[in-house]
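Topology and contacts: notes
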Amino acid sequence: MRLSEFVLPTLKETPAEAQIVSHQLMLRAGMIRQESVGIYSWLPLGLRVMKNVEAIIREEQNLAGAQEILMPTIQSADLWRESGRYDDYGKEMLRIEDRHGRDLLYGPTNEEMVTAILRDYIKSYRELPVNLYHIQWKFRDEVRPRFGVMRGREFLMKDAYSFDLDLEGAKKSYDNMFATYLRTFTRMGLKAVPVRADPGAIGGDMSHEFHILTGTGESAIFYDVIYDELTLDVDNPDVEALQSIYAVEEKLHDPVSCPVAGDRLKQARGIEVGHIFYFGTKYSKAMGLVVDGPEGERIIVEMGSYGIGVSRLPAAIIEASHDKNGIIWPDSVAPFAVGLVNLKVADKACVSQCEDIYNRLREAGIDVLYDDRDERPGAKFADMDLIGLPWQLVVGPRELAVDRLELKRRDGGAREELSLESVLAKLTG
RNA sequence: CGGGGUGUAGCGCAGCCUGGUAGCGCACCUGCUUUGGGAGCAGGGGGUCGGUGGUUCGAAUCCACUCACCCCGACCA
């Protein structure tokens, strides 16, 4: 992609309304644009990151055996009356009336709908277990949205729902998602700490939140320092052991009964990027999701739900990975792998060299953002650092003279003088 | 929902108190000189001053209402 043709409205100054660094950088890097309180448009750069985040989540869900579906954003109120949540949910639910006076709502979550789907199609114990997920926009009419996409009203969420015959099966599904979440966040360059959580309005008695530890996190958590010391084997995690380590959200922490010695207990702030629940038969019972067992008996299906805040993750990643010059994207979610910087567009030799490099990079399958704008070097470097692409490939008269290119790593700033062949090898290797 | 605040060009702001031709910096356009970490000079374009109503010869400025947005609190993924 040529930067001269790319819609990238970067800002030199920090907009006054942004309070935390991720919000400031997302606005400055031209990733998002606020349309209303807690409601955002995603601009080309921001959407590229979110699509990459989404792709990792999708791959991991599929690997875990979950099947992707897509449920609508608009739901019928009748569905929610079946579970009793239409009245319970309160003002956080955005309620809508259509032209015929029917009550609809913009879905804040999908337990009711997915339960209704399975109720129609699953009749036998032989058809379980099943795990269905979708990645869809949600709307929760928050009392006070803030921090940009971190706490928006409209947000993209991956929500999965597991269906099992019994508690043992449900626990297995739960642990499967637990492990999958650790892998998912690790692939995004994040260290997520699973903490025991209050299941809240969803109900049930087994629940973990996954937190990214940053000073600006909205939630306070307490955990055994052992979490900072252990190396996570995400391909083969010992879920049992991890769940037994003391780590809880503030609400559940009791200094008196806490089993961790004072000098081993850490208090931190975290951004909640995932939340998993086991809630048993709460919805299946209310809505009649039952299957026939081997003896012809009626079995009420055991359920769990598993959410990841997709649109929140780009912000969480920025909170965890930035410096004073801007964002530092991990390779796995970066909007482009490399930024090609033409330092002197007035120089014909420099332009033709850059065009050639641009084509070679693309032919090699490397996602490149080519800064072909007629800007001064300082402005180009500043923009590149701000948008945080993992690699910067700098081409100017100095490089041309020695037939070498300068490759700079955004994270750490290390520079190397390399031939084009070496650059290609490095970026594809 | 309570409390506090702000709406003036794409962004950041001044002007309002004390009514009299709407300004500054950045960004944008043109030209020249420049070019290795956000250039200089010259010229130029862009604003129903959030909206409605009122007071007045005259309103960005005063008054009323209203909308939007920000911050703090309770709430929440």
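Since we're looking at a predicted model, the values are computed, not measured.

Rules used in this analysis
- All residue numbers refer to positions counted from 1 along the written sequence of the respective chain.
- Chains carry letters from A onward and ligands carry numbers from 1 onward, assigned in written order.
- Note on the predicted model: pLDDT of at least 70 is required for a residue's local features to be given, and 80 or more for side-chain atom pairs to be given and counted; whole-chain, interface and lining totals, by contrast, use all residues.
- Side-chain metrics in this entry use all non-hydrogen atoms of the structure; hydrogen atoms and water are not considered.
- Here is the rule: rings of Phe, Tyr and Trp (six-membered ring for Trp) pair when centre to centre is within 6.5 Å. Planes less than 30 degrees apart are stacked, more than 60 are edge-to-face, and the remainder are tilted.
- Going along the chain from the N terminus, every DSSP run of H or I of four or more residues is numbered as a helix, and every run of E of two or more is numbered as a strand.
- Exposure is judged per residue with a 1.4 Å probe applied to protein chains only, and the accessible area is read against the type maximum: over 50% gives exposed, under 20% gives buried, and values in between give partly exposed.
- Only buried residues count toward a nonpolar core, which is a set of Ala, Val, Leu, Ile, Met, Phe, Trp, Tyr and Cys residues joined through side-chain atoms within 4.5 Å.
- Residue ranges labeled as domains rest on an automatic or database domain assignment.
- Throughout, a residue-residue contact means that at least one pair of heavy atoms, one from each residue, lies within 4.5 Å.
- Proximity criterion: a residue is near a molecule or strand once any of its heavy atoms comes within 4 Å of it.
- Pairing of N or O atoms within 3.5 Å defines a polar contact, subject to two protein rules: one partner must be a possible hydrogen donor and the other a possible acceptor, and residues neighboring in sequence count only if both atoms are side-chain atoms.
- In this classification, Asp, Glu, Lys and Arg are treated as charged, Ala, Val, Leu, Ile, Met, Phe, Trp, Tyr, Cys and Pro as nonpolar, and every other residue, Gly included, as polar.
- Buried area adds together the accessible area that both of two parts lose upon being put together, with accessible area traced by a 1.4 Å probe.
- We define a salt bridge as a contact between a side-chain nitrogen of Lys or Arg and a carboxyl oxygen of Asp or Glu at a distance within 4 Å.
- Paired strands, as defined in this entry, are two strands with at least two bridges between them according to DSSP.
- Axis definition: a line fitted to C-alpha atoms, limited for helices to the stretch in contact. Angles are taken between N-to-C directions and run from 0 to 180 degrees.
- Residues are called lining when one of their atoms sits within 4 Å of a cavity or pocket point, these points coming from a 1 Å grid over the protein atoms alone, where a cavity is a set in which a 1.4 Å probe fits but cannot get out and a pocket is an open set with protein on both sides within 12 Å along at least five of seven lines.
- Grid points are joined across faces, edges and corners, and a volume is the space filled by probe spheres set on the points.
- Should an angle lie under 35 degrees it is considered roughly parallel, over 145 roughly antiparallel, and from 65 to 115 roughly perpendicular; all remaining angles are considered oblique.

**As for the packing of aromatic side chains**
Counting across every chain of the model gives ten aromatic pairs. Centre to centre, the rings of Y106 and F139 are 5.5 Å apart; their planes meet at 50°, and the pair counts as tilted. In this pair, Y106 is assigned in strand β6 (residues 103–106) and F139 in strand β7 (residues 130–139), connecting sequence segments 33 residues apart. A relative accessible area of 13% means that Y106 is categorised as buried. Between the aromatic rings of Y174 and Y306, the centroid separation amounts to 6.4 Å while the plane-to-plane angle is 55°, which identifies the pairing as tilted. Here Y174 is found in helix α6 (residues 167–187), whereas its partner Y306 is found in strand β16 (residues 302–309), with 132 residues between them in sequence. Considered together, Y174 and Y306 belong to a single accessibility category, that of buried residues.

**Remarks on the nonpolar core**
Core analysis: the biggest nonpolar cluster contains 76 residues, and M31, V53, F185, M188, F210, L313 and W329 have the highest contact counts within it. Per-domain counts for this core show at least three residues from each of domain 1 (3–323) and domain 2 (336–428). Beyond its immediate stretch of four places on either side in the chain, V53 contacts M188, V310, L313, I317 and V333. Counting residues in hydrophobic clusters, the runner-up holds 27 residues, among them Y89, L128, M287 and V301.

**Details of the protein's contact with RNA strand B**
For RNA strand B, the set of nearby residues contains 42 residues, the closest of which are R144, R151, E272, D385 and R398. Expressed as a percentage, the sugar and phosphate content of the atoms of RNA strand B within 4 Å of the protein is 43%. S36 has a polar side-chain atom sitting 2.9 Å from a phosphate oxygen of RNA strand B. In this structure, R146 approaches RNA strand B through a side-chain N or O atom, which is 3.2 Å from a base nitrogen. Only β1 (32–36), β13 (265–280), α12 (377–387), α13 (397–402) and β22 (405–409) provide two or more residues apiece to the surface near RNA strand B. Across the surface near RNA strand B, the residue classes tally to 13 nonpolar, seven polar and 22 charged.

**Some details on unusual backbone geometry**
The linkage connecting L128 with the following residue, P129, adopts the cis geometry, with an omega of 5°. When you line up the elements, P129 lands in the loop between α5 (111–121) and β7. Non-glycine residue F147 carries a positive phi angle of around 60°. Among the structural elements, F147 can be located in the loop between β7 and β8 (154–164). Given a relative accessible area of 21%, F147 falls into the partly exposed group. The phi dihedral of D403 falls on the positive side, at around 55°, and the residue is not glycine. Mapping D403 onto the fold places it in the loop between α13 and β22. We classify D403 as exposed; its relative accessible area is 56%.

**A word on the domain arrangement of chain A**
Domain annotation for chain A reports domain 1 (3–323) and domain 2 (336–428). A C-alpha centroid distance of 38 Å is found between domain 1 and domain 2. On the side of domain 2, eleven residues touch domain 1, which itself brings twelve residues to the contact. Across the domain 1/domain 2 interface, buried area totals approximately 1000 Å², and carbon plus sulfur atoms make up 64% of it. Taken together, the links from domain 1 to domain 2 amount to two salt bridges.

**Examining the pairing of strand β2 (residues 39–42)**
Consecutive side chains along a regular strand alternate between the two faces of the sheet. Direction of pairing for β1 relative to β2: antiparallel, over a ladder of four bridges. Bridge pairing links I32 to W42 in β2. If you look at the hairpin formed by β1 and β2, you'll find two residues sitting between the two strands, and G38 has a positive phi there, around 70°.

**Some thoughts on the sheet that holds strand β4 (residues 74–76)**
Across the sheet, three strands lie side by side as β4-β6-β5; this open sheet has antiparallel pairing. The outermost strands of the open sheet, each flanked by one partner alone, are β4 and β5 (94–97). On average, each strand axis in the sheet is tilted by 40° relative to the strand beside it, whichever way the strands run. Note that β5 and β6 share four bridges and pair antiparallel. Its bridge partner lying in β6, I96 is registered against L104.

**Here we look at the layout of surface pockets**
Considering only enclosed or pocket space, the largest pocket measures out at about 1200 Å³ in volume. Together, 45 residues line the largest pocket, and R140, R151, E272, H275 and F277 are the ones closest to its centre. Counting residues per element, the ones that place at least two in the lining of the largest pocket are α4 (85–88), β8, β13, α9 (282–287) and β16. It is β13 that contributes the most residues to the lining of the largest pocket, seven residues altogether. Residues belonging to the lining of the largest pocket are distributed by class as follows: 16 nonpolar, 13 polar and 16 charged. One number sums up the size of the second largest pocket: a volume of about 280 Å³.

**Describing the packing of helix α2 (residues 44–63) against helix α10 (residues 313–320)**
For the pair α2 and α10, interaxial distance at closest approach is 9 Å and the crossing angle is 100°. Classified by the angle their axes make, α2 and α10 are roughly perpendicular. For the pair α2 and α10, contact is made by V49, M50, V53 and I57 and by L313, P314 and I317, respectively. Looking at the contact of α2 with α10, its residues break down into seven nonpolar, no polar and no charged.

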